[in-house]
Amino acid sequence: MARGTGVQSVERALALLEALDTAGDAVGIGELAAATGLPAGTIHRLLRTLVDRGWAHQLPDRRYMLGTRIARMGASANALLGRRARPVLRAVAVELGETANLAVLAADAAEYVAQVAGTHSMRMFTEVGSRVPLHSTGVGKALLSRLPDETVRDLLRRMGMPRFTDTTITDPERMVRELAAVRERGYAVDDGEMELGVRCVAVPFTAGVRFAISVSGPAPRMTDALVARAAAALTDAAARLRDELDDRHAAPDRGGEDVAPS
């Protein structure tokens, strides 16, 4: 199952890790075989190594899930991404006066990996490392907009759509329509859907993984005029961050791959 010119055993091990991540729950070898197209014997041998090294974990019922080493490495990677993104976020925060955030798609949630406070004071309900629902936040909707509608429906069914305020979208089909609008205009808006009185604008981009960059602030300050300014500023910032965070830009000799479109 080698892809491109990679080493086959590495490609297969990564395919298993990706399948475990996508599953969102513990799975058996049969399910992994269906997801990856690998023979069961090959999967069993690879999983034995992954379990031994902490990348996967075997439950007593012989199902598998991602191991704790993934979480530790993910936390380190997110911290590094946050440090690299801060100069761009700081420029956005200074330009608009409101808090700038960077979030990444993490399983069934959006995880904040960097944040720079604006020049105006504001109590934030988020902080670096916190995870927020996808359906009720600007960054969440921006991240969902990069997924096919059927994938979105599956995610929403799995995670649920709890109501946080009167404006929270709780119907999957309404969310699908909302995401179509996000794709058309290029940015998502959260109108107090997670926290009353807070408005957020977010733009998605891809740099190896799916990101969203956002600006949030009190609704009275986040006027329609500021939302329009924020959308333009975030679109420019997303292009800079895509170049900064995607290793394929930094290392063009790795097979000459193109950057995934944002």
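Shown above is the structure to which this text applies.
Residues numbered from 1 in each chain as written. Predicted model: local features only at pLDDT ≥ 70, side-chain atom pairs only at ≥ 80, totals over all residues. Heavy atoms only, no water.

A. Focus on the pattern of salt bridges. Taken as a whole and judged by the stated rule, the model has 12 salt bridges. Residues E111 and R131 are paired through a salt bridge, measuring 3.0 Å at the closest nitrogen-oxygen approach. Here E111 is found in strand β4 (residues 109-116), whereas its partner R131 is found in strand β5 (residues 131-132), with 20 residues between them in sequence. Look at E111 and you get buried, because its relative accessible area is 12%. Note on R131: relative accessible area 52%, which makes it exposed. E150 is paired through a salt bridge with R153; the nearest N and O atoms lie 2.6 Å apart. Of this pair, E150 and R153 both sit in helix α6 (residues 149-159), three residues apart, which is roughly one turn of the helix. Taken together, the salt bridges that share partners define one network made up of K141, E178 and E193. (Salt bridge = Lys/Arg side-chain N within 4 Å of Asp/Glu carboxyl O. Helix = DSSP H or I, 4+ residues; strand = E, 2+ residues; numbered from the N terminus. Buried < 20%, exposed > 50% of the residue type's maximum accessible area, 1.4 Å probe, protein only.)

B. Focus on a nonpolar patch on the surface. A cluster of nonpolar side chains, contributed by V7, V10 and L14, occupies part of the molecular surface with about 250 Å² of accessible area. Looking at where V7 falls in the secondary structure, it is placed in the segment before α1 (8-23). (Patch = residues over 30% accessible without salt bridge, like charges linked within 9 Å, V, L, I, M, F, W, Y side chains within 5 Å. Areas by Shrake-Rupley, 256 points an atom, 1.4 Å probe, with all protein chains shown as cover.)

C. Representation of the environment of G192 in the model. Mapped onto the elements, G192 comes out in the loop between β6 (188-191) and β7 (198-207). What G192 contacts, discounting residues up to four positions off in sequence, is T165, T167 and V198. (Contact = heavy atoms within 4.5 Å.)

D. Inspection of the nonpolar core at higher detail. By size, the foremost hydrophobic cluster in this structure holds 32 residues, and its most contacted members are L102, F205, F211, I213, L241 and L245. Of all elements in the fold, only α4 (68-96), β3 (99-106), β4, β7, β8 (209-218) and α8 (224-245) reach the threshold of two or more residues within this core. Among the elements that take part in this core, α8 stands out by supplying 10 residues, more than any other. Non-local contacts of L241, meaning those with residues more than four positions away in its chain, are made with A85, V88, L102, F205, I213 and D246. Counting residues in each nonpolar core, the second largest holds 21 residues, with A103, L156, A202 and A212 among its members. (Core = buried A, V, L, I, M, F, W, Y, C linked by side-chain atoms within 4.5 Å.)

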